[in-house]
Amino acid sequence: MRLPRFAFLNHPRACLVAAVLVPLLCGLLSVMNGQDDGWDMRNYHLYNVHALLGGRIGFDLAPAGFQSYFNPTLDLPYYYLNQWLPPRAVGFVLGALHGLAFVLLYGIARQLLGSARPPRLALLLAVGGMCAPGFLSELGNTMGDNLSALPVLLSVYLVLRHGDTLIAWRGGARLTAIGAGAAMGCAAGLKLTNAVYAVALCGALLALPLVWWQRLRVAFLFGVGVLAGMALSGGWWMARMWQTFGNPVFPQFNNLFRSPLAPESGVIDIFFRPQGWMENLLWPFIFTVNTRRVSEIPLKLAVWPVLYVTLAALVLAWWWRRLRAAPVPPAVAQPPALAPRSLLLLVFIALGYLGWMRMFSIYRYLVPLELLAPLAIWLAAGYVAPRLQQLAGWALAVLALTAWPAANWGHADWADQAVSARMPAIARPADSIVFFVQPDPPSGWMATLLPPATQIIALNTGMLETPAWRARQQAAIAARPGPHYVLLSAARNDRDGTRLRKLAVAQALGLTDHAAGCDKLARLMSKVRLQVALRRLPDASCTFDLLPQHRIDLAAQDHATVAQAAERVRNYGLTLDQASCTTQPAAVGAEPRPFLWCRIATPD
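Computed from a predicted structure; not experimentally measured.

A. View of the overall build of the protein chain. A tally of regular secondary structure across the protein chain gives 24 helices and 12 strands. Its C-alpha atoms give the protein chain a radius of gyration of 28 Å, near enough to 25 Å, the size a compact globule of 604 residues would have. For the protein chain, the spread of C-alpha atoms along the three principal axes comes to 95 × 70 × 45 Å. Residues counted as buried form 50% of the 604 residues belonging to the protein chain. Considering only residue pairs separated by 6 or more positions, the protein chain has 71% of its internal contacts joining residues 24 or more positions apart. For the protein chain, the exposed area adds up to about 27,900 Å²; of that, 64% sits on carbon and sulfur atoms. If the 49 positive side-chain charges of the protein chain are averaged to one point and the 30 negative ones to another, these points end up 15 Å apart.

Here you go:
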């Protein structure tokens, strides 16, 4: 694929400029996206660090459901950055950190393409990898898949960079195998879903061109490194969970550890996994057509059928050449060969995909592989037929362009604080409990704003409660005389935020302050559907209202929410004073997220 327009990328300093510029652009894009307002952030990414630093592990009881007990190490940067920097700066730093994936992708591509290829090819393939839909959907947010992908890619880079050393088993081979494993183990310790990539790369090392016992030696040392990396990034947390709850990955895999505080189940979400042999065989085509099979948000996943078909063609080409193996005369063009390091990467991707599919099939856990997908397509196409690479190049260019605009997991407009709320006064926090009784919307972020002495107990909000867990709840309730409270998410109209943003634009243009401006707005709205209603005010100014079909009876919804909460707490021997409920303001960024504050009635 000839790209004369990109010849400037062959300049000796182009890679250095790109290594700085791309992460900076990712930081700017993160700022443009806005404040992270995703479900996971509001559930546990803020709360878990708050619990760790505030000594609340085992004191609070699952305010963020079973996610309350995920390793908080990956969330420490976000928590501390919010202590030191304004929110926009935090968003920029997170986006720039995620953008470092480009540097690793470029390094991996250079190792596989070699010096015979122009540098611009590696740069373009790295850029293509950065246009991955899952990666872009999480750019600048706290979900952790982008951040934990960095040590995964580093591990792959180390193996490829020192591949010849591993094969020859000369100086530094042991250190390379253990170091690459440690990087992968750190990723798995930070986020357990990355363990499938540790297994995949360990399996891929068995494809090295060595005798069987030498392959096992490399894979074994890699595995030792993985365990060391997991101990470094997650071992301290596992020890804490074992000490507190009797399960190092509490409450997951409790079928192995059998803590009485969690049910004897794996606590693994299998909802998204393919069903039956046909779905397993055609899974990339199925989830590309219906992205809801692997993701809660719509994503553009066409890269996976392309990769699937290209890898299938590679296997068929390899098989056909083996069947027709014969000496090739010198005058005849030699068929393309797959270098050992290229084979290692492709085997890693294939094994990683299979492990992901059978273990979770949750798309956001696939970020490391989707970042490598364009490079894998290019390598596989070159093995099938060198001329096929031109078609692959154009296909990758189309896939990169069509990835925009990218879906996301929720953002809010920026404000002076990442989260804020007006909390009612609690007379005796050391005697009080605040109960969370709603599985959704999540309230974990609200726990970070409550007085430290107040205990927080969730009642059946996502943590499957065993008799031992119920007994711990009842003991905590009995130990505190009160007053006790219930915190509930108040009803909100999601469309009202859009109305307020449109109103802010009109106000900034000075069109709502006087009759002439309001007349201009009326004429504009007769030609352009703004999805709001113009309402004139007595002082000749005007404002925007929601259209009738978009209005919601918020008071009625709040009444139903309180009634449901009263029924839930009654199952725990508590009585909700429904008349005491008041609505209080809170926000994530500039996005209003009001809450209801209710008292538990004092027994007579």
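Anyway, onward from the coordinates.
B. Broad picture of the packing of helix 10 (residues 173–190) against helix 12 (residues 212–245). One way to put it is that helix 10 packs onto helix 12 with a least axis distance of 6 Å and a crossing angle of 40 degrees. On the basis of the axis angle, helix 10 is oblique to helix 12. Our pair here, helix 10 against helix 12, has a crossing hand that is right-handed. Of helix 12, the residues touching helix 10 (which contributes Arg174, Ala177, Ile178, Ala180, Gly181, Ala182, Met184, Gly185, Cys186, Ala188, Gly189 and Leu190) are Val218, Leu221, Phe222, Gly225, Val226, Gly229, Met230, Leu232, Ser233 and Gly234. Considering only residue class, the contact of helix 10 with helix 12 consists of 14 nonpolar, 7 polar and 1 charged.

C. Structural detail: the state of the cysteines. One pass over the full model with this rule turns up 2 disulfides. Each sulfur in the disulfide pair Cys518 and Cys542 lies 2.2 Å from the other. Its torsion about the S-S bond being -100 degrees, the disulfide of Cys518 and Cys542 is classed as left-handed. With a gap of 24 residues between them, Cys518 in helix 23 (residues 515–527) and Cys542 in strand 8 (residues 542–545) connect regions that are remote in the sequence. An identical accessibility class is assigned to Cys518 and Cys542; each is buried. There is a disulfide in this structure between Cys581 and Cys598, and the S-S distance comes to 2.0 Å. Torsion about the S-S bond of the Cys581 and Cys598 cystine: about 120 degrees, corresponding to right-handed handedness. Within this pair, whereas Cys581 is found in strand 9 (residues 576–584), its partner Cys598 is found in strand 12 (residues 595–600), the two being separated by 17 residues in sequence. No difference in accessibility class separates Cys581 from Cys598, as the two residues are buried.

D. Representation of the UniProt feature "transmembrane region" (unreviewed entry) in the protein chain in the model. Under the UniProt annotation, the feature "transmembrane region" (unreviewed entry) is placed at residues 89–109, 121–137, 172–190, 196–213, 220–239, 301–320, 341–359 and 365–384. The span residues 172–190 is 95% helix and 0% strand, and its two end C-alpha atoms sit 27 Å from each other. The distance separating the terminal C-alpha atoms of residues 220–239 is 25 Å; by composition the span is 100% helix and 0% strand.

E. Region of interest: the packing of aromatic side chains. Taken as a whole, this structure holds 23 aromatic pairs when the rule is applied. Ring geometry for Trp242 versus Phe257: centroids 6.0 Å apart, planes at 90 degrees, classification edge-to-face. Residue Trp242 is found in helix 12, and its partner Phe257 is found in helix 13 (residues 254–257); the two are separated by 15 residues along the sequence. An angle of 25 degrees between the planes, with centres 6.2 Å apart, marks the rings of Trp304 and Tyr353 as stacked.

F. Geometry of the domain arrangement of the protein chain. Each domain of the protein chain was delimited in the assignment, giving domain 1 (146–322 + 337–403), domain 2 (419–493 + 553–601) and domain 3 (495–550). Here domain 1 and domain 2 have C-alpha centroids that lie 41 Å from each other. Facing 8 residues of domain 1, the contacting portion of domain 2 comprises 6 residues. At the boundary of domain 1 with domain 2, total buried surface from both sides reaches about 570 Å², with 74% on carbon and sulfur atoms. The largest share of the area that domain 1 buries against domain 2 comes from Pro260, Leu261 and Pro263, three residues that together contribute 67% of it.

G. Molecular detail of the sheet that holds strand 10 (residues 586–588). With respect to topology, 3 strands assemble into an open sheet ordered 3-10-11, the strand pairing being antiparallel. Looking along the sheet, the strands with just one partner apiece sit at the ends: strand 3 (419–421) and strand 11 (591–592). Note that strand 3 and strand 10 share 3 bridges and pair antiparallel. Bridge pairing in strand 10 links Val419 to Val588.

H. Structural context of the pattern of salt bridges. Applying the stated rule across the entire model yields 18 salt bridges. Between Arg42 and Asp37 there is a salt bridge, and its shortest N-O distance comes to 3.1 Å. Taken individually, Arg42 and Asp37 each receive the classification buried, so the pair is uniform in this respect. Between Arg499 and Asp496 there is a salt bridge whose closest N-O contact spans 2.6 Å. In this pair, Arg499 and Asp496 both sit in helix 22 (residues 494–508), 3 residues apart, roughly one turn of the helix. The class of Asp496 is partly exposed, set by a relative accessible area of 23%. One continuous salt-bridge network, built from bridges that share partners, spans Asp413, Arg492, Asp494, Arg501 and Glu591.

Cut-off values and rules
Residues numbered from 1 in each chain as written. Predicted model: local features only at pLDDT ≥ 70, side-chain atom pairs only at ≥ 80, totals over all residues. Heavy atoms only, no water. Helix = DSSP H or I, 4+ residues; strand = E, 2+ residues; numbered from the N terminus. Rg over C-alpha atoms; globule rule 2.2 N^0.38 Å. Buried < 20%, exposed > 50% of the residue type's maximum accessible area, 1.4 Å probe, protein only. Contact = heavy atoms within 4.5 Å. Areas by Shrake-Rupley, 256 points an atom, 1.4 Å probe, with all protein chains shown as cover. Lys, Arg positive; Asp, Glu negative; His and termini not counted. Charge placed at Lys NZ, Arg CZ, Asp CG, Glu CD. Axes fitted to C-alpha atoms, helices over the stretch in contact; angles between N-to-C directions. Parallel < 35°, antiparallel > 145°, perpendicular 65-115°, else oblique. Left-handed = near helix turned anticlockwise from the far one by under 90°. Nonpolar A, V, L, I, M, F, W, Y, C, P; charged D, E, K, R; others polar. Disulfide = S-S within 2.5 Å. UniProt positions renumbered as here; feature names shortened; annotations may be inferred. Phe/Tyr/Trp six-rings, centres within 6.5 Å; stacked < 30°, edge-to-face > 60°. Domains from an automatic or database assignment. Buried area = accessible area lost by both parts, 1.4 Å probe. Pairing = 2+ DSSP bridges. Salt bridge = Lys/Arg side-chain N within 4 Å of Asp/Glu carboxyl O.

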